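# A closer look at the structure
Each chain, letter by letter, is given below.
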Amino acid sequence: MKKLPDFHVLIVAAGEGSRSGQALPKQYSLLGGKPLLRHALECFLNAGSLQSLRVVINRAHQELYETCVEGFHIAPFVYGGSSRKSSVKNGLDALPSLDEKAIILIHDAARPFVHAEDIKSLVVAIEEGALAASLARPVSDTVLYAKEEDSAYWYRETAERNNLWALQTPQAFRLGVIKKAHTQYAQDDHFTDDTGLVRAMGGDVKLVKGSLLNFKITYPEDMALAERIYNRADLMETRTGTGFDVHAFAEAKGNNPAVRLCGVDVPHIRTLEGHSDADVGLHALTDALLGALGEADIGTHFPPSNPQFKGMDSAEFLRYADGILRDKGGILINADITLICEAPKIGPYRTSMVARIADILCVSPDRINIKATTTEGLGFTGRREGIAAQASVNITLPCADRKQAHG
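An account of the accompanying structure is given in this report. (Residues numbered from 1 in each chain as written. Predicted model: local features only at pLDDT ≥ 70, side-chain atom pairs only at ≥ 80, totals over all residues. Heavy atoms only, no water.)

Let us look at the sheet that holds strand E6 (residues 103–108). Read from one edge of the open sheet, seven strands run E5-E4-E1-E6-E10-E7-E11, paired in mixed fashion. Both edges of this open sheet fall to strand E5 (78–79) and strand E11 (205–209), since each of them pairs with a single strand only. The sheet contact formed by strand E1 (residues 7–13) and strand E4 (residues 50–57) spans seven bridges and is parallel. Note on E4: the bridge partner recorded for His8 is Ser52. Against the sheet, helix H4 (residues 116–127) engages E1, E6, strand E7 (132–138), strand E10 (165–174) and E11, with an angle of about 135° to E7. (Pairing = 2+ DSSP bridges. Helix = DSSP H or I, 4+ residues; strand = E, 2+ residues; numbered from the N terminus. Contact = heavy atoms within 4.5 Å. Axes fitted to C-alpha atoms, helices over the stretch in contact; angles between N-to-C directions.)

If you want it as structure tokens, here you go:
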């Protein structure tokens, strides 16, 4: 299992935040009893491979900031400038000891719902060679050009929405690239995001599809929506899905035969037959997740007749189903997998299996449970002809029908 590359985070929290309609600057307004900034910090502090985290603050907000981060062990804050761009520059200048190849993520404090998998995707995009990468969403609404007249806005022209995307944060860079961009355009304040600086230098920016939940809180209605999402009382529904899969044993080839179960190679005298890697545990779990989402089954999305999926790591199937969940604004509550076989013994590998699935889904290991049982010598598993697995998941999804949400 490849380790996520090391990365560093800069969170920009130096704005006045006056448009939110809150008594406090929006980055310190409370969501579920915690400031928005603290929610944003927790998104990254819980992510693996984080090496440092620094916040750029407004000089007038220092007392609010110190209360907000109480109990966190993070780098000293940096004072911001007169614009977001100058605030980011101040934050970058505070990182002189880092190598220019270090990966840096820049994030807005007013986005409290960043998903761990999206953070990983950005880091990997830079590691794989992108000069810059940003979370973004394709625009689905009709977009208009409007003109203000007599304190009202009037529809003047429709913009073509094909290929239009709305940028989010975090945005990711090699430190040397983004510092060079800020230095080159130090006197130009028309840029509204950091990837625009890289584009101005002629560099390409990779877009990573982010979640609808990763919206920026700007206006009072945004804060109200964030509260409802956080509380999930009337916007979310719970769904359950189940999955079942079977793979037969095959004669082992090579000197170190093994069966792959729940993402872990378990030594055994035989292997499992299958079009992909025959991971019966991940196949059952993928089917359970697709079932909860109402998205058919694994064979519909990855037909065994397609040679493209020959020998594929089943972790890719599970990531695909998880991607559908995140695109729909859903969250995994828990997953429970039962492996049914006489051999091999599962107990010695259970902890590794839990950790592997938690890593694939970017959730805490306590949301994943794996157990094993036998059929007391009965049936095909009892005759040691193969392995079966069953799985169940619980998820939350935004309600499609608000009337149903209210009962």
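Tallied over the full model, the rule gives 24 salt bridges. A salt bridge links Glu127 to Arg174, with the shortest nitrogen-to-oxygen separation between them at 3.6 Å. You can see Glu127 sitting in helix H4 and its partner Arg174 sitting in strand E10, a full 47 residues away along the chain. The salt bridge involving Asp327 is made with Lys209; its shortest N-O contact spans 3.6 Å. Pair noted here: Asp327 is in helix H10 (residues 315–327) and Lys209 is in strand E11, with a separation of 118 residues, a long-range link. Among the residues examined, Lys209 registers a relative accessible area of 39% and is labelled partly exposed. Linked through salt bridges whose partners overlap, the residues forming this network are Arg84, Asp108, Arg111 and Asp194. (Salt bridge = Lys/Arg side-chain N within 4 Å of Asp/Glu carboxyl O. Buried < 20%, exposed > 50% of the residue type's maximum accessible area, 1.4 Å probe, protein only.)

At a closest axis distance of 9 Å, the pairing of helix H8 (residues 280–293) and H10 adopts a crossing angle of 15°. Taken together, H8 and H10 sit at an angle that is classed as roughly parallel. Taken as a pair, H8 and H10 cross one another with a handedness that is left-handed. Judged by residue contacts, Leu282, His283, Leu285, Thr286, Leu289, Leu290 and Leu293 of H8 engage Ala315, Phe317, Leu318, Ala321, Asp322, Ile324 and Leu325 from H10. When its residues are assigned to classes, the contact of H8 with H10 shows eleven nonpolar, two polar and one charged. (Parallel < 35°, antiparallel > 145°, perpendicular 65-115°, else oblique. Left-handed = near helix turned anticlockwise from the far one by under 90°. Nonpolar A, V, L, I, M, F, W, Y, C, P; charged D, E, K, R; others polar.)

Here strand E14 (residues 264–267) shows a clear split, with Val264 and Val266 buried on one side and none of Asp265 and Pro267 buried on the other. Both strand E13 (residues 258–261) and E14 contribute to a ladder of four bridges, which runs antiparallel. Looking at E14, one finds that Leu261 is bridged to Val264. Here E13 folds back onto E14, and the loop between the two strands holds two residues, one of which, Cys262, carries a positive phi near 55°.

Before going further, it helps to spend a moment on the packing of helix H3 (residues 84–93) against helix H5 (residues 175–184). As a packed pair, H3 and H5 sit with axes 10 Å apart at the nearest point and diverge in direction by 135°. When the axis of H3 is compared with that of H5, the two are oblique. The interaxial crossing formed by H3 with H5 has left-handed handedness. Taking contact as the criterion, the partners of Lys85, Val88, Lys89 and Leu92 in H3 are, on H5, Leu175, Ile178, Lys179, His182 and Thr183. Taken together, the residues of the contact of H3 with H5 break down into four nonpolar, two polar and three charged.

The next subject is unusual backbone geometry. The omega angle of the peptide bond from Thr169 to Pro170 is 10°, so this bond is cis rather than trans. With respect to the element layout, Pro170 can be found in strand E10. Note that the residue after Ala343, namely Pro344, is joined by a cis bond; omega there is 5°. A positive phi is found at Cys262, a non-glycine position, where the angle reads about 55°. Tracing the chain through its elements places Cys262 in the loop between E13 and E14.

Spatial strand order, E15-E12-E18-E16-E17: five strands in an open sheet with mixed pairing. In this open sheet, the two strands that pair with only one neighbour each are strand E15 (270–272) and strand E17 (368–373). If you compare each strand with its neighbour and ignore which way they point, the axes differ by 20° on average. Of the pairings in the sheet, the one linking strand E12 (residues 236–251) to strand E18 (residues 386–398) comprises 13 bridges and is antiparallel in character. Residue His247 lies in a different strand from E18, and its bridge partner there is Ile387. The strands touched by helix H11 (residues 350–361) within the sheet are strand E16 (331–340) and E17, with E17 carrying the most contacts at an inclination of about 140°.

Moving on: H4. Between its first and last C-alpha, H4 extends 17 Å over twelve residues, near the 16 Å set by a 1.5 Å rise per residue. When H4 is considered as a whole, its buried residues turn out to be Glu117, Asp118, Ile119, Lys120, Leu122, Val123, Ala125 and Ile126. Two residues or fewer after H4 comes Gly129, characterised by a positive phi angle close to 120°. (Expected span 1.5 Å × (residues − 1).)

So, to be careful, I would describe these as geometric facts and stop short of saying anything about function.
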